[in-house]
Structure formats: C-alpha cells, structure tokens
Amino acid sequence: MKFPETRARRLRKTENIRDMVAQTHLNISDFVYPIFVREGKNVKNPIDSMPGIYQLSIDEAVKEVKEAYLLGIKSVILFGIPNVKDELGTQAYDENGIIAKAIYEVKSAVPELVVVADACFCEYTSHGHCGVLNKEGELLNDPTLDMLKKEAYVYAKMGADIIAPSGMMDGMVKVIRESLDENGFYNTAIMSYSVKYSSSFYGPFRDAAESAPAFGDRKSYQMDYRNADEAIKECMLDIEEGADYLMVKPALSYLDVIRNVKERFEYMPLAAYNVSGEYSMVKAAAKRGWVDEKQIMIEMLTSIKRAGADIIITYFAKDMAKILGG
Ligand code: PBG
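Residues numbered from 1 in each chain as written. Predicted model: local features only at pLDDT ≥ 70, side-chain atom pairs only at ≥ 80, totals over all residues. Heavy atoms only, no water.

*Asks:* Help me get a handle on the site of the ligand, residues and values and all.
*Replies:* Within the structure, the ligand sits among 18 residues, and K196, R206, K249, S276 and Y315 are positioned closest to it. For the ligand, an oxygen atom lies 2.7 Å from a polar atom in the side chain of R206. One of the side-chain nitrogen or oxygen atoms of Y315 is found 2.6 Å away from an oxygen atom of the ligand. Computed on the free molecule, the ligand has an accessible area of 400 Å², of which 100% lies beneath the protein chains in the complex. Partitioning the shell around the ligand into residue classes produces 10 nonpolar, 3 polar and 5 charged. (Near = heavy atom within 4 Å. Polar contact = N/O pair within 3.5 Å; in protein donor to acceptor, adjacent residues only side chain to side chain. Areas by Shrake-Rupley, 256 points an atom, 1.4 Å probe, with all protein chains shown as cover. Nonpolar A, V, L, I, M, F, W, Y, C, P; charged D, E, K, R; others polar.)

Structure, rendered in structure tokens:
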C-alpha cells in the first residue's frame, strides 16, 4: 500500500494559512511594563544602557502609566530609587518613601491598572544586597523576612494588586502571605520570583535602579544557572507557601526552564522576565543596523510565550503595544 506523500509546506503556503495554524499569539494583556521611580519633579533621566527607558519622578511616572494604559498595557511593575540608602534599606517600607508614594499615586491615577510592586531591598540598601547582612557580609535569611513582611504590608496598603518578592529568600512567600492576611489584604496576590538566576543579564537594570552590590555577588541567594531541576523545587516551595503566580527570570537563556515549570505546574500562571540585558543587547545591535529591532523583538517575545510563559515582563511592552494596536 502506498501512503500519501507527507508534505509539511502546505501549512505554510500563504500568510492567511500560516496565521490560521499559528500556535502562539502575543496579546497586549500578556505584558507587564517596568517603571523606575525616583524623587523629584519633572525628572526624566535616560538610562544610558537601556535606550527608551527612564528614571521618572512620580509626576512623570503617572504620565507614563496613563500613556501606557491608553496603548492597552494592563499592568506595570514598579521599582523605587530612594534618595537615601541605609544598611537595612528602610526606605523600602517607609510609608512616605519613594516606592510607597509611587504605588499610591500610580494606582490612584489609573485604578484599573494592575499594579505589581517588586519587593526587594537591593535598591534601598547602602551595600546593594537584597536584605540584612551580618558583620561578615553574609545575607541573613530570617531577619530579611521580617523586613519583607513590613514591605508587603505597606505596598498592599498603598494599593498594589500584586506583591512580587524578588530577593530569593527562603520562606519569603509564606511570610508575605501571613502579613497580607493578618492585615486583611486577602485579595492582594503574590507573584513570586520563584526561579531567579544569578545572572549577568541584570547588568543594565542595576544602572537603572542603582542597585549593584557594593561587594561580592548574589550567588548565595540567586540560583546557579547550571541547574535546571532545582527550578521545580523552588516552584513547589512557593506554591506550598501560597504563591499565586510563578516567575522564571531571566527569560531568553532559560526557555528550557520556562517549559519545564509550565509542564509541571500547568495550573499556575507563569510569568517570565525578559530582563534588562536581553533588552539592551537588541537595542545596541539594532542601533548599529545589525538586526531588525522590530522583528527580533517579536520573535523573542513569541519564543518566551511559546516556551510556556503566560505573562511577560518586558521593557518592550510599549513598543509591542503600538504594534498590537491596543
Ligand atoms: C531586584 C531585581 C533585579 C531585577 C528585578 N528585580 C535585580 C537583581 O536581582 O540584581 C532585574 C531586572 C532586569 O534586569 O531587568 N532584586
């Protein structure tokens, strides 16, 4: 018996056929747009290593989120840059601190916007590490958790819809959930940076957030990129502790990890963070005319979604929104 000849190219014949059979589609509602907020008025400091991204004073940040919302972006993640840093990073949970004010103002300006608050300490500590250090310069887990509780409470009180702990402390989701519930914030969700690797792709972000560690690195708390299976353990712990969303970060060198996590925990919304270095490399190459920025951007973001991400945190959010047409 002669089998019909196998042909794959029929499904690629015309654009409409390709669209009909395409498995992965980007939607505006996939994207979360990161915003850096600092003290002052009318401040719009360009970040050299991240063309198109700025440190904004609150008044400018409010303008920016309004514009983003009009473009169809439904969610932002906020990062604060305080004027004063100290050993403990107390500005992170000061109710009059930059990030608390920014959450409040952004949420008040556009109440429908889903406001995610990154909960960490590296932007607020004088040493640039993500929590409390001992004399030897080691990051202490449980004292950092005590501060995280306060931080989560303040962010929820200021109106954040989602708290996103990014410090990779053990037990961070549990204490945040407790703190939120004790204070009646039952509907404030937790998007855990569950699988966050110690990565050189964060370089430009540390310029933007002024959060580079003054000494050492983050390898004792962020994951080792040689490990994939450990991601499953991190996610399992976070789910047990009460996470509502999981995250893998960075995205592009970690598509295998995104896929593994999605297959294992398909019932959990999964975010991927298309981080600063991934953005800057495209911008740098595009500026030289070496790559087609728009096409590369779409291909990269599509690959992150194809790997299994439901949500993509990306500095390209506005550019994508313009293409997708609101
Ligand atoms: C804070 C934090 C970082 C990023 C997001 N939250 C920096 C870090 O861990 O050093 C990086 C994001 C990016 O590179 O775009 N802990």
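Picking up after the structure, the text goes on.
*Asks:* Could you give me a rundown of the pattern of salt bridges, with the residues and numbers involved?
*Replies:* Across all of its chains, the model carries 16 salt bridges by this definition. Put simply, E39 and K101 hold a salt bridge, and the shortest N to O gap is 3.2 Å. Here the residue E39 occupies a position in the loop between β1 (31-38) and β2 (44-46), and K101 occupies one in helix α3 (residues 98-109), the gap between them amounting to 62 residues. For E178, the salt bridge identified is with K174, shortest N-O distance 3.3 Å. Taken as a pair, E178 and K174 lie in helix α5 (residues 172-182) at a separation of 4 residues, close to a single helical turn. When salt bridges that share partners are traced, they join E64, E67 and K318 into one network. (Salt bridge = Lys/Arg side-chain N within 4 Å of Asp/Glu carboxyl O. Helix = DSSP H or I, 4+ residues; strand = E, 2+ residues; numbered from the N terminus.)

*Asks:* Tell me about the nonpolar core, residues and numbers included.
*Replies:* Formed by 111 residues in total, the largest nonpolar core has its most connected members in F36, Y155 and V261. The leading source of residues in this core is helix α4 (residues 141-157), at 7 residues. Aside from chain neighbours lying at most four places away, what touches V261 is V195, A231, I232, C235, L246, V248 and L270. (Core = buried A, V, L, I, M, F, W, Y, C linked by side-chain atoms within 4.5 Å. Buried < 20%, exposed > 50% of the residue type's maximum accessible area, 1.4 Å probe, protein only. Contact = heavy atoms within 4.5 Å.)

*Asks:* Please set out the packing of helix α2 (residues 58-71) against helix α11 (residues 317-324) residue by residue, giving values where relevant.
*Replies:* Orientation of α2 relative to α11, taken along the N-to-C sense of each, is 30 degrees, at an axis distance of 9 Å. Between α2 and α11, the angle is such that the two are roughly parallel. Pair α2 / α11 crosses with left-handed handedness. For the pair α2 and α11, the contacting residues are E64, E67 and L71 in the first and K318, A321 and K322 in the second. Of the residues belonging to the contact of α2 with α11, the class tally is 2 nonpolar, no polar and 4 charged. (Axes fitted to C-alpha atoms, helices over the stretch in contact; angles between N-to-C directions. Parallel < 35°, antiparallel > 145°, perpendicular 65-115°, else oblique. Left-handed = near helix turned anticlockwise from the far one by under 90°.)

*Asks:* Quick rundown of the pairing of strand β3 (residues 54-57)? Include the residues and the values.
*Replies:* When β1 meets β3, the two strands line up parallel, connected through 3 bridges. Its bridge partner being in β3, V37 is matched across the sheet by L56. Where β2 lies against β3, 3 bridges are found, and the strand directions are antiparallel. Residue N45 lies in a different strand from β3, and its bridge partner there is Q55. (Pairing = 2+ DSSP bridges.)

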